[in-house]
Amino acid sequence: MRLAGKRALVTGGRQGIGRGIAEAFLREGATVTTCGRGPRPDGLTDSVIWFPLDVTDAAAVEELAIATDGTDILVNNAGVQVEKTVADSTDADWDAVIGTNCRGVFNMCRAYIPRMPEGGSIINIGSISGQVADPSMALYNASKAFLHGLTRSIAVDHGPQIRCNAICPGWIETGMLDAGFDLATDPKAARQDALARHATRRFGRPEDIASMAVWLASDEAGFATGQLFTVDGGLTAASPLSPGLF
Amino acid sequence: MMLKGKTALVTGGRGGIGRAIVARFLREGARVYAADLTPEGSLAAHDDDGSIFVKLNVTQEADAIAAMEQVAQDTGRLDILVNAAGIEIEKTIEETTLEEWNLCFAVNVTGTFLTSKHALPLMRKAANNSTASIINFGSYDGFIADPGLATYCATKGAVHALTKAMACDHGPEGIRVNAICPGYVDTPMLQSFFTGDGSGGGGKTIDQLQQAVRDVHPMRTYGTPDDIANLVNWLASDEARYASGQLWVLDGGLSAQVQQMKL
């Protein structure tokens, strides 16, 4: 029980990575609150507290911060992606991606940092796409790079009271990934090709990211701050050449 | 004429990338020593281009000392050193023999160390009026791995760290140290990679392999030795007087992208 007695808040806990983190924190003994747009999702463990929240709404974020005063662990996981180049992106796309991924995280950090006790840990969910570019994901890639920079700034400005780190997931098995493959001309071949580019020969699962989040949230990570922790099955350690070409 | 009045020595100076650097330095007005194992280097023939050939096996300290003695007698100073000599072993660590490992480190890492070490006294003299510049050869493979190139990847990672260490130690003496990190460049080394035993080729022709490698680049081509020489020239020149301790990736965008999934 590495998080016994700690209070955690995870944004975007409806599904995928956020849900995985919320459940892992619960198993490690934390009191877990999660939030998202809309009503409580089906099947969410009863002991997890749910709040409806849009992170782009600064006033609502402030209210939640007051209601969850004394949070030790803040995980900024809520994010959206729009699959477009700069030339194709609209003002609405900008507002959606930058609003949630950048402003939303800013709102959360600004509201929670003054209320977090000594030894608090903020974990931002960045992305490998914030370090190297995914094609046709321009605003998303840029929003994640913003998050990486903000992570370092918070670590520098708010240490030693608060540690702040980012996790950079690679390709994780979520509904979003399946939807991507469904768009391919040959979904099965696309999946095989993508698998061949992972040293682990599998995609990530929400629990792979959750296990890193647990460590970063725990006191074992007491000297880790201001860093990006990439968990991608080896994807970005390899050159982008086609697998099996040579 | 960005290098007028400067003296330069380029190791591997008769090889693929080295030869292009020598040619560019000559056009920019430098006096250039092309140091290599043979006058032909890794290319079949050599036309007299006005460079001064120095026989240099970069793994031999006596060769490095002798080369610098020759430069000292001729000009008394050295403004620019380019450590372009390099080899690659196309194997995993399990397939690699200790002799191959040692040879690859001897050329790529020890060679950079020995040539730089013995060039430093001459470079301090050059730094009196401007800055002297050492340009090492790292690789994008020093950041991310190509399969079956383990020893090569490790040597280039070592060169990257050595570059920063040298920049810290010798910056106060007016000597700048940078590394160029090329991606795929059309050289004898690359063509050997396409045809070599380590590549296998997967039943593809060399043309198909070349096209496949071009296609994975955002620029849809691999580089030429002249592309690399363009940046080496800038780093060697006084325009780069504030550039030191950096790793300069030049790869047509290859490493800027997440892997190109076939979607």
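Residues numbered from 1 in each chain as written. Chains lettered and ligands numbered in written order. Predicted model: local features only at pLDDT ≥ 70, side-chain atom pairs only at ≥ 80, totals over all residues.

Let us look at the sheet that holds strand β3 (residues 52–55) of chain B. Residue and element names in this part refer to chain B. Read from one edge to the other, the open sheet built from 7 strands follows the order β3-β2-β1-β4-β5-β6-β7, with strand pairing classed as parallel. Each edge of the sheet is formed by a strand with only one pairing partner; in this case those strands are β3 and β7 (247–250). Across the sheet, the mean angle from the axis of one strand to that of its neighbour is 20°, orientation sign disregarded. Alignment of strand β5 (residues 132–137) against strand β6 (residues 175–182), held across 6 bridges, turns out to be parallel. Note that in β6 the partner of Phe137 across the bridge is Ile180. (Pairing = 2+ DSSP bridges. Helix = DSSP H or I, 4+ residues; strand = E, 2+ residues; numbered from the N terminus. Axes fitted to C-alpha atoms, helices over the stretch in contact; angles between N-to-C directions.)

So, about helix α1 (residues 16–27) of chain A. Residue and element names in this part refer to chain A. The first and last C-alpha atoms of α1 sit 17 Å apart over 12 residues, in line with the 16 Å expected at 1.5 Å per residue. Of all 12 residues in α1, 10 are buried; the element is thus mostly enclosed. When we look at burial in α1, the residues that qualify are Gly16, Ile17, Gly18, Arg19, Gly20, Ile21, Ala22, Glu23, Ala24 and Phe25. Tucked inside the fold, the buried residues of α1 contact β1 (7–11), β2 (31–36), β4 (73–76), β5 (120–125), β6 (162–169) and α7 (206–217). Gly29 sits one or two residues past α1 and shows a positive phi near 95°. (Expected span 1.5 Å × (residues − 1). Buried ≥ 20, exposed ≤ 12 C-beta atoms within 10 Å, placed from the backbone. Contact = placed C-beta atoms within 7 Å.)

All names here are of chain B. In the contact formed by helix α2 (residues 61–74) and helix α3 (residues 98–126), the axes pass within 9 Å of each other and the chain directions differ by 25°. Considering the angle they form, α2 stands roughly parallel to α3. The hand of the α2/α3 crossing is right-handed. For the pair α2 and α3, contact is made by Glu61, Ala64, Ile65, Met68, Val71 and Ala72 and by Leu114, Thr115, His118, Ala119 and Leu122, respectively. Counted by class, the contact of α2 with α3 contains 8 nonpolar, 2 polar and 1 charged residues. (Parallel < 35°, antiparallel > 145°, perpendicular 65-115°, else oblique. Left-handed = near helix turned anticlockwise from the far one by under 90°. Nonpolar A, V, L, I, M, F, W, Y, C, P; charged D, E, K, R; others polar.)

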